[in-house]
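If you want the building blocks of each chain, they are given just below.
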Amino acid sequence: SLRLGWLLRTLSKLMVLIGIVFAAFGPNYSHLLLHILYGEKYSSTSAPSALGFYCFYVLIIAINGITEAFVHAVADEKTLDIFNRW
């Protein structure tokens, strides 16, 4: 149980670290990235803003995925039945 807690904590820290890098640089460089890859067609629209928000969204979804996978890995059958009712 102690090793599982350590694993969850380590994976969560890693995801937060990677996510913070994307959240810090993604919104600022999304316009440049779209301009290099697709030209003025997409970089002059609201696509860079959407891509910037997506960088934050990926961080939240990554943390959610790790915690949900951890719960499904360590929970007993009765607890999983309660979580999976809907």
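Structure first, text after, so check above.
Quick caveat: nothing in here was measured; it's all calculated off a predicted structure.

**Q** What exactly am I supposed to notice about the side chain of Ser30 here?
**A** Mapped onto the fold, Ser30 is located in helix α1 (residues 2–38). Ignoring anything within four residues of it in the chain, the contact list for Ser30 reads Pro48, Leu51 and Gly52.

**Q** Help me understand the side chain of Ser43, please; the structure alone is not making it clear to me.
**A** Tracing the sequence through the fold places Ser43 in helix α2 (residues 40–43). Looking at Ser43, its side chain comes within polar contact range of the side chain of His35, at 3.1 Å.

**Q** Mind showing me how you'd approach a nonpolar patch on the surface here?
**A** Among the surface-exposed residues, Val21, Phe25, Tyr29, Leu32, Leu33, Ile36, Leu37, Tyr38 and Tyr42 lie close enough to one another that they form a single nonpolar patch of about 940 Å² accessible area. The element contributing the most residues to the nonpolar patch is α1, with 8 residues. One can find Tyr29 in helix α1.

**Q** Is there a simple way to explain the packing of aromatic side chains in this structure?
**A** Each aromatic ring pair is summarised here by two numbers: the centre-to-centre distance and the angle between the ring planes. Summed over all chains, the structure comprises 3 aromatic pairs. Centre to centre, the rings of Phe25 and Tyr29 are 6.4 Å apart; their planes meet at 35°, and the pair counts as tilted. Residue Phe25 and its partner Tyr29 are located together in helix α1, separated by 4 residues, close to a single helical turn. In this structure Tyr29 comes out as partly exposed when scored by relative accessible area, which is 47%.

What counts and how
Residues numbered from 1 in each chain as written. Predicted model: local features only at pLDDT ≥ 70, side-chain atom pairs only at ≥ 80, totals over all residues. Heavy atoms only, no water. Helix = DSSP H or I, 4+ residues; strand = E, 2+ residues; numbered from the N terminus. Contact = heavy atoms within 4.5 Å. Polar contact = N/O pair within 3.5 Å; in protein donor to acceptor, adjacent residues only side chain to side chain. Patch = residues over 30% accessible without salt bridge, like charges linked within 9 Å, V, L, I, M, F, W, Y side chains within 5 Å. Areas by Shrake-Rupley, 256 points an atom, 1.4 Å probe, with all protein chains shown as cover. Salt bridge = Lys/Arg side-chain N within 4 Å of Asp/Glu carboxyl O. Phe/Tyr/Trp six-rings, centres within 6.5 Å; stacked < 30°, edge-to-face > 60°. Buried < 20%, exposed > 50% of the residue type's maximum accessible area, 1.4 Å probe, protein only.

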